[in-house]
Structure formats: structure tokens, C-alpha cells
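Observations on chain architecture
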Amino acid sequence: MSSKNATQYHKVEIPPPQPFLKSLKNTLNEILFADDPFRKIRNESKTSKKIKLGLIHVFPILEWARDYKLEYLKSDLISGITIASLAIPQGISYAQLANLPPILGLYSSFVPPLVYAIMGSSRDLAVGTVAVASLLTAAMLGKEVNAVENPKLYLHLAFTATFFAGLMQLCLGLLRLGFVVEILSHAAIVGFMGGAATVVCLQQLKGLLGLRHFTHSTDIVSVLRSIFSQFHMWRWESGVLGCCFLFFLLTTKYISKKRPKLFWISAMSPLVSVIFGSLFVYFIHAQFHGVQIIGELKKGINPPSITHLVFTSHYVTLALKTGIITGVIALAEGIAVGRSFAMYKNYNVDGNKEMIAFGMMNILGSFASCYLTTGPFSRSAVNYNAGCKTAVSNVVMAFAVAITLLFLTPLFFYTPLVVLSSIIITAMLGLIDYEAAINLYKLDKFDFFVCLSAYFGVVFGTIEIGLMLSVGISVMRLLLFVGRPKIYVMGNIQNTEIFRNIEQYPQANTLSGLIILHIDGPIYFANSSYLRDRIGRWIDEEEDKLRKNGEISLQYIILDMSAVGNIDTSGISMLEEVNKIMGRRDLKLVIANPGAEVMKKLSKSKFIESIGKDWIYLTVAEAAAACDFILHTAKPDSPAKVSGIPQLNNV
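Residues numbered from 1 in each chain as written. Predicted model: local features only at pLDDT ≥ 70, side-chain atom pairs only at ≥ 80, totals over all residues. Heavy atoms only, no water.

What counts here: UniProt positions are given in the numbering used here, feature names are shortened, and annotations may be inferred rather than shown by experiment.
An unreviewed UniProt entry lists the protein under the name STAS domain-containing protein, with Arabis alpina given as the organism. Heading Subcellular location (unreviewed entry) of the UniProt record for the protein holds this comment: "Membrane".

Shown next, in the form of C-alpha cells:
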């Protein structure tokens, strides 16, 4: 290590004290307003301008509508009509999956997209129902209320669950608590979505095989038992028809994937399947030969449902639990999809504003006979590929659905259920992201374990078990990161004043008589005991190695605290304990590069007085140089008292 600056030391400053209320305000601002969303409003002097900016913040449509160009309309019209052709058959299919009347899928593609167009911040998100949330709704509500025996109560509970989901989403957005949703790691989401998609695909075998009675359980064992126990009830007519449409849908999806410019082929294929399936049933009377059909769909736009919300004590807990769980899943999916497409077009999506938009569209949707909606990936991908420019594409889709509700619903009377099952299977196969799982295995085995746990929890257990496993393992890993921070030995890169991890840089040299330990994370009550034991272990191992090699005994322990962003009282107590232990063993504890928050607390706790202000250095290089100088010139006393070294005004 270069020693030319060995006697030149810099002062480690203690930040000036701040009033408690000001410090609390700054902390809350960092937690809740890290992106400083009100910067423009705060910097504006005119009250009228502030009000205008505030309205734009709540209703983004006021900003982009002002600059809307006529040339955008063509792109938005094409996108809106394209996603409507996908939304109509998907909406009917997903409503069936949720054990709700098929018409609700169309209702849910009318009101929520209009609300999102006013309040949403994504240009590419296409709003609608999703399969996973539909399956969750059916699984959770179906445990206590049978959709066949008590359809009215089941329907009202679905509206109530949607209301609670929207209320939860709205509260998270208003309170700036979006980070709560991010407790689900990427690995957990990949596994959970893949498991849910697998379960959904298996359940669609009921429609493909023409079965009328089916298990309400979602685990793979129960589903397969239900299928094969009814082998004698399988309808080959339904199976053949379903396989034909499934082959057609998968082929169009493959073509669009290989040639992105032909995206419209896969986008239009569900509606084409519905049309041809309906014509096939109508002309050959397939409904009399084992092919089940949708039947009558009620004409007219959404009827009000605000009076149908159920708040009685017996069922409100069920609706609340269903709403919160399905709302979190829908929120995580919608925000992730919106951000991914925003990244491609180089604009930002405000997660908290999205929560408010999702919350409002689900609250208002629950008042208008809609069930839970979010931003599904498949529909948003079609919207993006179709060249949408703004959220007007959602408005176009909503009006296309409204026209269908007013005039075209009788045309769906003969739509075979096998077509809906084929549409759902095709959409769900895209959620089984095996490539992401393989990538997780290559990058991080623990993340791969999280992914598999979530997947098998859903497939062999229930949706709730899979979700709990996803959250539980994600939280456990978070606690491991906090409770077991990395601590490693640092060495000097030759002919420099740079110190690095000796495992990463084997050529780095350790200095005799001292050991430099880097603590890679904040010091809290959760990890203070671990750090104390780990520091002691490093010292014991170093002393044993020095004794074995007959080298100079260990004299100094330098703790590099550059990565320690904060420390609590348990952490300070740990440092005091380590310092006392070092003193009894004739070792000296040295602190290098403590941050502002750490220095403030060390000063208030009198730890600086305890260790000695001359033993706190600005950099590891300065600490190592001072200790190395003392080792080779004098006894290990305070460096300020050693001749040949100037007084260290470093604190």
C-alpha cells in the first residue's frame, strides 16, 4: 500500500443536530414521497396554477388530452377495436371461470376502462378482467357460497369483494404505500402465476370434455381425480371441437410471436373462434349432441349494483378477505404490466397514481355490475403492438363493448363453451414462463427455490396456500438479508490505496497485525448478535492463522462502515460490547468511513468518547496507514501520542 499520505488524515464530521419534528418529516418524505410527486405544484407561485396542476395530477387525461393530435386518433381507433375483439370473448370466458354470469365479463370491459382512461397514467395498459383473479374469486367465495345453489348471493358477494379490492387499492395509493405490494418478489410472482395458469388450464378440461359436474377444489390431484372418475361422461364431440379451436388459437399465437407485425392475427383469433364456433353449433345443432353453449345473454349496458353490496356480519369478512387478496394480485400484475410497456416507450408510470386509478375503477365498477379488473398482459400487449398512442384506445374498446351489449349479445347465444375453454387455455399458457424460471436457476438458486415453492403450493395445494408461500418465503428472504448481512475481510490492491474483498480480489494483500472487516448493511436489533459473533469468529480465525504462521500478533480490528446506512440502539450496544471484548484481549477497535446517521448516533451515545475520537477515520486507507505505521514504529497507543505522527484532528 502506498504510504505517502500516511500522515495526512481528514476529519470525520458529525452532522449538525436537527429538531425531532424536522427529522421525522424528512424521514416520512423519503419513505412516502421518494419521487417528490408534488414538486411542480410546490414550486408554482400562483394559486390558480397550483389548482390546475393538482387536477392534472389526479386526472392525467387533462394533460394528454390538451396535446392530443388528430393523427393519434387513427392509431387509437385501430388499437381500441383490436383489443375489443379480444376483450369480448376473453371477458365472457373469464366470467365463466369466476362462476359468474358471462355478461359480467362484458360489463367489466365497459365502465372500468372509461374510469382508467380518465385517471390512469399508462398509455398502453388495456383494462379488463384477468384469469388469475377470476379463479381466486371462484375459489375463495365458492368455499362458503355455492354459485349454483345460491347464485344471487354469490353474485352480490363478488360485487362486494370488488368494492373492498378497490377500496384497498385506493387507500394504498392515497397513503403512498405502494411498497407494500412489492413484498412479492419477481421469483414469487413467476411461480405463483405459473401455478395459477396450470390450475386454470386443467380446470378447462371440464369444458373441453363436456363435463357438467366438476370439483370445486383447485389442486391438481382433485382436478385429475374428477376428470378420470367421470371417464364415461366424456363427450368426444366436445373434445374434438375444442382441440380444433385450441390448435387454431395456438397456431395464430405462434405466427404472431414469430412475426410481431402480424399481431392482429392472434388478437382477432378469439373472436373468429367465437363466430365460427357459434355458426357451427347453429347450423348442425351441436347443442343436442353434447356441445354445451352459453345461452341467452341479457341485452343492455351495465345495470346499477350499489344496492346489492353485502355488508352483513356473516359474509362481510369473506368479501373483505377475497377483495384484499385478489386486489393485491391484480394490483401487482397491473402495475408491472404498465411499467414494462412504459419502459419501451421511455415514459414513467407513477405506481401510486395507478393504485388510485385501479381503486376508483373497481369501486365504481362494483356499483355498475362489474367484478375485479386490472391491466392484463395479453390485452395490453395487443394494445401496444397495435400502435396505441394514448388511453383513448380504452375508450374505443369501451364503446365497442357498449355497442355489443346494446345490440349484439343475442349473437352469442350459440357460442360453445369449448371455445371459451380454448381461449382461456391459450391465454394461460403464456403465463407459464418457463424461460424466466430457467433464468432464475442460472442466476440465483434461492430465487429458483422461491419460484418452485410458489408454483407447487398453488398446483398441489390451493391458490391461497401458493400465495401465502410466495409472501412467506419472500419475507423470509428479506429477513435473511437484514438479519444476516455480509461481512468480509478486505485487502489492499497493490500500489493503490484501494481496499476490496479478498475473496473477489485474491491478489489483494492483507496487512500483518490488523484485520479489516467490511459490514455490508445497516446494523439493527435483528442482526446485532449475529455481527458480534461473526466479528469474534473472524478475529479468532485470524489469530489462529497468525499464531500458526509465526507472524506478528493481531493488534487492530478495523471496521469499514461505509455500507452501514443506519444503526439502532441494539447496534450501538453491540459495538460497545465488541469494544470491551477487544480491550480485554489487548486489541484495538478502529472505525472507518461511518456515515452521517451513524456518526450522529455514535456521538449521542458517547461511543466516540468510549473508543477515542482518534480511532475514527474517514477512509479505510487512512485507518490502515495509521495502524500500520504504529505497528512498525511504536506501541499500539493512541496515534495522536506517537512521535513522528502529527496530532490527528480527524473527528
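Some thoughts on the nonpolar core
Quick note on the threshold: Residues enter a nonpolar core if they are buried and are Ala, Val, Leu, Ile, Met, Phe, Trp, Tyr or Cys, with the set joined through side-chain atoms within 4.5 Å. The buried label goes to any residue with under 20% of its type's maximum accessible area, the exposed label to any with over 50%, and the partly exposed label to all in between, with areas taken from a 1.4 Å probe on protein chains only. Whether two residues are in contact is decided by their heavy atoms, any of which lying within 4.5 Å being enough.
Core analysis: the biggest nonpolar cluster contains 115 residues, and Phe192 and Met428 have the highest contact counts within it. Ignoring sequence-local partners within four residues, the contact set of Phe192 consists of Val132, Leu136, Ile329, Ala454, Tyr455, Val458, Ile463, Gly466, Leu467 and Ser470.

Points about the domain arrangement of the protein
Definition in use: Where a domain begins and ends is set by an automatic assignment or by a domain database.
Split into domains, the protein comes out as domain 1 (70-250 + 276-478) and domain 2 (485-644). Look at where the C-alpha atoms of domain 1 and domain 2 centre, and you get two points 55 Å apart.

Considerations on the pattern of salt bridges
The cut-off we apply is this: By definition here, a salt bridge exists when the distance from a side-chain nitrogen of Lys or Arg to a carboxyl oxygen of Asp or Glu is within 4 Å. By definition, any uninterrupted DSSP run of H or I lasting at least four residues is a helix, any uninterrupted run of E lasting at least two residues is a strand, and each is numbered from the N terminus.
Counting across every chain of the model gives twelve salt bridges. Between Asp533 and Arg532 there is a salt bridge, with the nearest N and O atoms lying 3.4 Å from each other. The shortest N-O distance in the salt bridge between Arg585 and Glu543 comes to 2.7 Å. With a gap of 42 residues between them, Arg585 in the loop between α24 (569-584) and β5 (588-592) and Glu543 in helix α23 (residues 528-549) connect regions that are remote in the sequence. Glu543 sits in the buried class, given a relative accessible area of 17%. Residues participating in the shared-partner salt-bridge network are Asp444, Asp447 and Arg477.

Quick look at the packing of aromatic side chains
Applied cut-off: Working definition: a ring pair exists when centres of Phe, Tyr or Trp rings (six-membered ring for Trp) sit within 6.5 Å. Plane angles under 30 degrees give stacked, over 60 give edge-to-face, the rest tilted. A positively charged side chain is recorded as over a ring if its NZ (Lys) or CZ (Arg) lies within 6 Å of the ring centre. The angle to the ring normal must also be within 35 degrees.
Counted according to the given criterion, the structure contains 21 aromatic pairs. Taken together, a centroid distance of 5.9 Å and an interplanar angle of 50° make the contact between Phe228 and Trp234 tilted. Assessed through its relative accessible area of 54%, Phe228 is described here as exposed. When its relative accessible area of 28% is taken as the criterion, Trp234 is described as partly exposed. It is Lys445 that lies over the ring of Tyr441; its NZ or CZ is 4.5 Å from the centre.

Some points on helix α16 (residues 351-366)
Filter applied, for reference: Helix span, expected: 1.5 Å multiplied by one less than the number of residues in the helix.
With 16 residues, α16 should cover 22 Å at 1.5 Å per step; its first-to-last C-alpha distance of 22 Å lies within 8% of that length. Of all 16 residues making up α16, 14 are buried, and the element is well covered by its neighbours.

Focus: the UniProt feature "domain: STAS" (unreviewed entry) in the protein
Those residues carrying the UniProt feature "domain: STAS" (unreviewed entry) are residues 504-627 in this numbering. The annotated region residues 504-627 carries 48% helix and 15% strand content, and the separation between its end C-alpha atoms amounts to 24 Å.

Observations concerning a positive patch on the surface
We apply this condition: For patch building, the residue pool is restricted to those with more than 30% relative accessible area and no salt bridge; the joining distance is 9 Å between like charges and 5 Å between nonpolar side chains (Val, Leu, Ile, Met, Phe, Trp, Tyr). Accessibility throughout is a Shrake-Rupley quantity obtained with a 1.4 Å probe, and a residue counts as covered only by protein chains that appear here. For the charge count, each Lys or Arg is scored as positive and each Asp or Glu as negative, with His and the chain ends excluded. Taken as the charge location is NZ of Lys, CZ of Arg, CG of Asp or CD of Glu.
Positive charge collects at one region of the surface, where Lys46, Lys49, Lys52 and Arg66 lie side by side. Assignment of secondary structure puts Lys46 in the loop between α2 (39-43) and α3 (47-58). Owing to a relative accessible area of 56%, Lys46 belongs among the exposed residues under this scheme.

Points about the sheet that holds strand β1 (residues 486-492)
What counts is decided by this rule: Strand pairing is assigned whenever DSSP identifies at least 2 bridges connecting the two strands.
The six strands are arranged β2-β1-β3-β4-β5-β6 in an open sheet whose pairing can be described as mixed. This sheet does not close on itself; its edge strands, each paired only once, are β2 (499-501) and β6 (616-617). As paired elements, β1 and strand β3 (residues 514-520) share five bridges and run antiparallel to each other. What sits directly across from Ile487, in β3, is Ile519.

Examining the packing of helix α8 (residues 131-141) against helix α9 (residues 151-174)
Applicable threshold: Axis definition: a line fitted to C-alpha atoms, limited for helices to the stretch in contact. Angles are taken between N-to-C directions and run from 0 to 180 degrees. Roughly parallel here means an angle under 35 degrees, roughly antiparallel means over 145, roughly perpendicular means 65 to 115, and every remaining angle is called oblique. The handedness criterion is simple: a crossing whose near helix is rotated anticlockwise from the far helix by less than a right angle is left-handed, and one whose near helix is rotated clockwise is right-handed. Residue polarity follows a fixed list, in which Ala, Val, Leu, Ile, Met, Phe, Trp, Tyr, Cys and Pro are nonpolar, Asp, Glu, Lys and Arg are charged, and the others, Gly among them, are polar.
Direction vectors running N to C along α8 and α9 enclose 125°, while the axes themselves pass 11 Å from each other. What the angle tells us is that α8 and α9 run oblique. In terms of crossing hand, the pair formed by α8 and α9 is right-handed. Contacts between α8 and α9 pair Thr137, Ala138 and Leu141 from the former with Tyr154, Leu157 and Ala158 from the latter. Each residue belonging to the contact of α8 with α9 can be placed in one class, and the counts come to five nonpolar, one polar and no charged.

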